[in-house]
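Chain residues, written in single-letter form:
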Amino acid sequence: MKIKRRDFLKLSAVAGAAATLGRPTLNAFAEDAKGAGPIGELPGEWKASTCQGCTTWCPVEVFVQNGRAVKVRGNQHSKQNDGYVCPRGHLSLQQVYDPDRVKVPMKRTNPKKGRGVDPKFVPISWDEAFNTIADNMMELRKNGEPEKYLLMRGRYTYMRDLIYDGVTKIFGSPNNISHSAICAEAENFGAYYTEGMWGYRDYDLSNSKYVLVWGCDPVSSNRMIPATISRLGDVLDNATVAVVDPKLNNTGAKAQEWLPLLPGTDGALALAIAHVLLSEGIWHKEFVGDFKDGKNLFKAGKKVDEAAFEEKESHGVVRWWNLAVKDMTPKKAAKITQVPAEQIIRVARGMAKAAPNVAVWMGPGAAMQVRGAYSAMAVNALNGLVGGVDNIGGTLPSNKVPVKHMPSLSAYQDEIAKKGTKNKKIDQRGTKGFPALKEGKPGGGVVTNNTATGILNSDPYEIKVAVGYMNNFAFSCTGAERWEKAMEKIPFFVHITTNAAEMTQYADIVLPGAISKYEKLCWVKQKQNRYAQCTLLQPVVEPMWQVINDETEFPWMLGEKFAERGFPNLIDFLKKEFKDPETGREATNSKEFTEYAVKYYTQDLWNGKDVGGDKINGWAEFRKRGMWNSDPQPYKKRWGGKFGKDEEKDGKKTTKGTISHKFEFYSETLKHALEKHAEKHKTTVDDIMATCNYTVTGELAFVPHYEPPFRHGSVQEYPFTFIDYKSRLNREGRSQNAPWYYEFKHVDPGDVGHEDVLKINPADAKKLGLKDGDAIRVTSVAGSIECTAKLWEGVRPGTVAKSYGQGHWAYGKTATSDYAKAKPRGGNNNTILPFDTERLSGGNVRNGGFTGVKIDRI
Amino acid sequence: MRDTDLILKRGDCYKLLAACFYEPDQEMFLGEHLSENLTDLLNACQCPKAAAAASVLQAALTNSDPEELLIEFARLFVGPFELGAPPYGSVYLEENGRLMGDSTLAVQRKYREAGLAQEIKEAPDHIALELEFLHYLCRMEAEALAKNLPEQAEEWAAIEAEFLCRLLRPWVPTFCEKIRQGTATGFYRGLADCLDNFVAEIGLFPAIMPAQQESALANVCRTAL
């Protein structure tokens, strides 16, 4: 905020005649008697937007009165959330009006970088900011090393293409790195290598007769929160809800069954349920098929002749039984998991009775483990055994959202860019130890948290310029301190963010980002309750400061600066490929470009074309409604051998989905992917398995099987197994500067308002001599945090639980205890959770009891 | 009879104080004799403590490194991390310390009623805007007097008094204390002392409004505080 005119400092003329006074010299205001409308009396209106507080991506409406957002509700047209939001939806009001937001572009004046080192940021103009960024980036192209540019993507919308692909690939770098693997990829792995879908499942909750929730808490996290909150009561009346979670969660507190397994033993529990379903002959025969003579040959410990069984929609059930299921009796699993055998049997029988209207709701807890790929497969395989896949009351894929794809950018890539993008990626995906087998392709997925390793070791090369948006890897990735060192090493880093946080501590330029729900124009797609949706994020209020849309305005403004430096390719791409679909006009500024780009992607939803779902008459109506609903997802769409589809492109044959085209209990698809990866590295699958920290050899690598949990820290030195989970008030990690976060913290079961507590079983607390409220230090092999003790029966003796969210040492006034001293408020779980990866998927490990801790009173 | 000259001087006090809460421009501040002018104006307005504080600003400015001054300005009032002294009224007046509270809307309403449109992108209750608004009110009061419209002048004075007492004075002392605690820089410590004392002393200034209204206003102020 600058003084615009020097005159402002001049003194007023000595009073005389009125005429001699002249008009006042104003800086912040203009005299505008005509424009002075009322305020405080306007009726207000509901304006449509989208909440990105979690991955539900709820279509919402914000009540705006006198230009101020005051209330939030679900979009009244939404078939996903029925017009309601969860507590996070309201919490966002304290984010948009947070006095600690980034308000102007800033630059660092202290070249030294580190925790507790004052960056000495000063305000700069947008022009200076983008000139500096463009100079640093163009220097890389000049030196023929554009691959040394890195883009780190955090929470995105579907306008991500422009900054993630557009800027990076036209500039010439292969390094567009997504946040995706921080918390999810192993879960997608489980779904892909059974039912051929790399994505999250939808749940037909209203028609379920049995819901087995596994490793998540659907009323507080995952992808259909408001829908689950409003339906859970009815589901509990009409169906059975069983929750598998090592600590008691919100859904578990209401459910008929809670199966508190030992962390990391999910595979054993899932196989034992499968064992009951198969050995008692109660699997769903319409889906899986049956023995040719109708006689059940699945007997505990006994191999079965594959030829005796005729499968229908599935593939390899007998081979799976023979390899991994036959010996995992409920009795054996009870020993491993600590879940009583009777409960395992009861749950399996309950599921069978309700089949096929059964949904096994898998969350990250079942998957994001060191050896979690196979537990994820095992849990999802149960959906197959009970026939709930694509079925009434079961799990569903998504209906298509008919939006446009990004136009080809190859014509805008010059030789430098073409050469640069062919380099290996900084996250080391596809190397022998990081297969990252997304959709069957070695190196197909991202290994987000390993990017720090690549940067630190300059392997495969040095990163010299980086841009991060809506991300905070130095806090949100396990082994967070590695990221601090990696960020120290990057010579020039730009952070586009709504709030300065740990990553910003290492920024050379900070740019103020728009708050997604209130200030951005973008779109996202999601599905719930059988309906897919496309929903707009819209600027429902005028931002208080000049903030930018990271995914569209950053590329545009950078493109203009590139053009000034003789490299017009980026701005040409944005102008020419994203013309206004209605008028054919090219954009002339970043705001116009944003609108044209959103119109380009979504045009078929509102331009009169019949694409099914809601009929929307024009762009204006789409903006007013804010969303489009698809038709309901049909059932059994992939039954009949459609879990995979062969495709031929440019003479190359590939399969999308499962290779057998069936639901795979024996994964031909995984076998193919693993063999391809082994071949690439001239070794065997057994060697790949050992390299990736798995214990099995041979055929077991291709079926859901049990792997003993891997643990960092010996039980002798670190006697407690740590359970990490997310607070239901976390808004993608961006609500910790909101006072309501602390006031309402007790909505996380066992938690205490205004505190960050480690929950300890009273029996353990007694042994340690701890009581409620004691200040404690929690230490693992990776690091130490300080927090408060809370005695709670919702965890087993020997395990302790703490929600992720607090512990910021660099943030705003509410989130940080003392920024200047880098003193956190509470403790960051990622300080004590060491960096480790579920290597087959690239997923960052957070669960499965992989961290041992010790507890000391402070 | 009001002293038009004094009203303008008071208005200029508001204005120069407002200027100090923009990005510091050492050359401009020194070139325009900001500190000397402010000291003289405050003395003329019978704000001796504020004047004494203003008089140290000159030396503090002269001895400051421009970049250090800008760093300190950012640390106190801009961020990007925790603000040393949030310059927004609502942070102090609203229960949860968020922006755009009811007090912010009250401020906005005053601007609009006075016929002003905000031209810079900031929260309406930023200290610099509120002070500039008070400057404008003084200016309008003086103009009304010069046009021999005493009743109109009184109306402007009443708006000033109400704004000062209800919307600015309640938070300025805490704000200034935060500045003092948050920085060792002479310029900003001096500025905090100056604003703090000015806002306290100006209320005692007899010319602000007729005695009758002053007593009514005293009640308003007590309620607001």
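Within each chain, residues carry numbers counting from 1 in the order of the written sequence. As they are written, the chains are lettered A onward and the ligands numbered 1 onward, keeping that order. Owing to the predicted nature of the model, reporting of local features is limited to residues with pLDDT of at least 70; listing and counting of side-chain atom pairs is limited to 80 or more, with chain, interface and lining totals taken over all residues.

K.L.:
What is the right way to look at the overall build of chain A in this model?
P.N.:
The way it works is that DSSP assigns letters per residue, a run of H or I at least four long becomes a helix, a run of E at least two long becomes a strand, and they are numbered from the N terminus. For chain A, the count of helices and strands is 28 helices and 36 strands. For chain A, the C-alpha radius of gyration of 28 Å lies close to 29 Å, the compact-globule estimate for 858 residues. Principal-axis analysis of the C-alpha atoms gives chain A an extent of 110 × 70 × 55 Å. Looking at chain A residue by residue over its 858 residues, the buried ones come to 61%. This entry defines residue contacts through backbone-placed C-beta atoms, with two residues in contact when those atoms are within 7 Å. Across chain A, contacts joining residues at least 24 apart in sequence account for 70% of those joining residues at least 6 apart. The globule rule used here is 2.2 Å times the number of residues to the 0.38 power, and the radius of gyration it is set against is calculated over C-alpha atoms. Burial is judged by counting other C-beta atoms within 10 Å of a residue's own C-beta: 20 or more means buried, 12 or fewer means exposed, and anything between counts as partly exposed, with every C-beta placed from the backbone.

K.L.:
Sorry if this is basic, but what is going on with the domain arrangement of chain A here?
P.N.:
The parts lose accessible area when they come together, and the size of an interface is often stated as this lost area. Residue and element names in this part refer to chain A. The source of the domain bounds is an automatic or database domain assignment. As assigned here, chain A comprises domain 1 (45–96), domain 2 (108–182 + 406–632), domain 3 (185–396) and domain 4 (720–833). Measuring from the centre of the C-alpha atoms in domain 2 to the corresponding centre in domain 4 gives 32 Å. Each partner contributes to the interface: domain 2 provides 17 residues, whereas domain 4 provides 17 residues. Nonpolar residues are Ala, Val, Leu, Ile, Met, Phe, Trp, Tyr, Cys and Pro. Charged residues are Asp, Glu, Lys and Arg, and all others, Gly as well, are polar. Broken down by class, the residue content of the side of domain 2 that touches domain 4 amounts to four nonpolar, nine polar and four charged.

K.L.:
Would you mind showing me how to read the sheet that holds strand 12 (residues 257–259) of chain A here?
P.N.:
What holds strands together in a sheet is hydrogen bonding between their backbones, with the strands either parallel or antiparallel. Residues and elements named next belong to chain A. In this analysis, strands are considered paired if DSSP registers two or more bridges between them. An order of 12-11-10-16 is seen for the four strands of this open sheet, with the pairing classed as parallel. Of all strands in the sheet, those bounded by a partner on one side alone are strand 12 and strand 16 (358–362). The sheet shows a mean angle of 15 degrees between the axes of neighbouring strands, taken without regard to direction. The pairing of strand 10 (residues 210–214) with strand 11 (residues 240–244) spans five bridges and is parallel. Opposite valine 211, over in strand 11, you have valine 241 as the bridge partner. Axes, fitted as lines to C-alpha atoms, cover a helix only where it is in contact. Angles between the N-to-C directions of the axes lie from 0 to 180 degrees.

K.L.:
Teacher, can you tell me more about the environment of threonine 814 of chain A here?
P.N.:
Residue and element names in this part refer to chain A. By secondary structure assignment, the location of threonine 814 is in the loop between strand 31 (799–804) and strand 32 (816–818). Spatially, the C-alpha atoms of threonine 814 and aspartate 100 are 9.1 Å apart, while their sequence positions differ by 714 residues. Threonine 814 has contacts with Asn737, Ala738 and Pro739, leaving out every residue within four places of it along the chain.

K.L.:
Any chance you could explain the packing of helix 1 (residues 4–20) of chain B against helix 3 (residues 34–44) of chain B here in plain terms?
P.N.:
When two helices pack together, their arrangement is given by the angle between the helix axes and the distance between those axes. All names here are of chain B. For the pair helix 1 and helix 3, the least separation of the axes is 9 Å and the interaxial angle reads 140 degrees. As judged from the angle between their axes, helix 1 and helix 3 are oblique. Considering how the two elements wind past one another, helix 1 and helix 3 form a crossing that is left-handed. Packed against helix 1, whose contacting residues are Leu6, Lys9, Asp12, Cys13, Leu16 and Ala19, the element helix 3 presents Leu34, Asn37, Leu38, Leu41, Leu42 and Ala44 at the interface. In these notes the angle categories are as follows: under 35 degrees is roughly parallel, over 145 is roughly antiparallel, 65 to 115 is roughly perpendicular, and the rest is oblique. Each crossing gets its hand from how the near helix is turned against the far one by less than a right angle, where anticlockwise is left-handed and clockwise is right-handed.

K.L.:
Please explain the interface of chain B and chain A as it appears in this structure.
P.N.:
Taken together, the 56 residues of chain B in the interface contact 58 residues of chain A. Only helix 1, helix 3, helix 5 (66–78), helix 7 (102–113), strand 1 (116–118) and helix 8 (127–146) of chain B provide two or more residues apiece to the side of chain B that touches chain A. For the side of chain B that touches chain A, the element with the most residues is helix 8 of chain B, which contributes eight residues. Tallied by class, the residues present in the side of chain B that touches chain A amount to 29 nonpolar, nine polar and 18 charged. Relative to strand 1 of chain B, strand 1 (residues 29–31) of chain A runs antiparallel, the two being bridged by three bridges. Bridge pairing in strand 1 of chain B links phenylalanine 29 of chain A to glutamine 118 of chain B.

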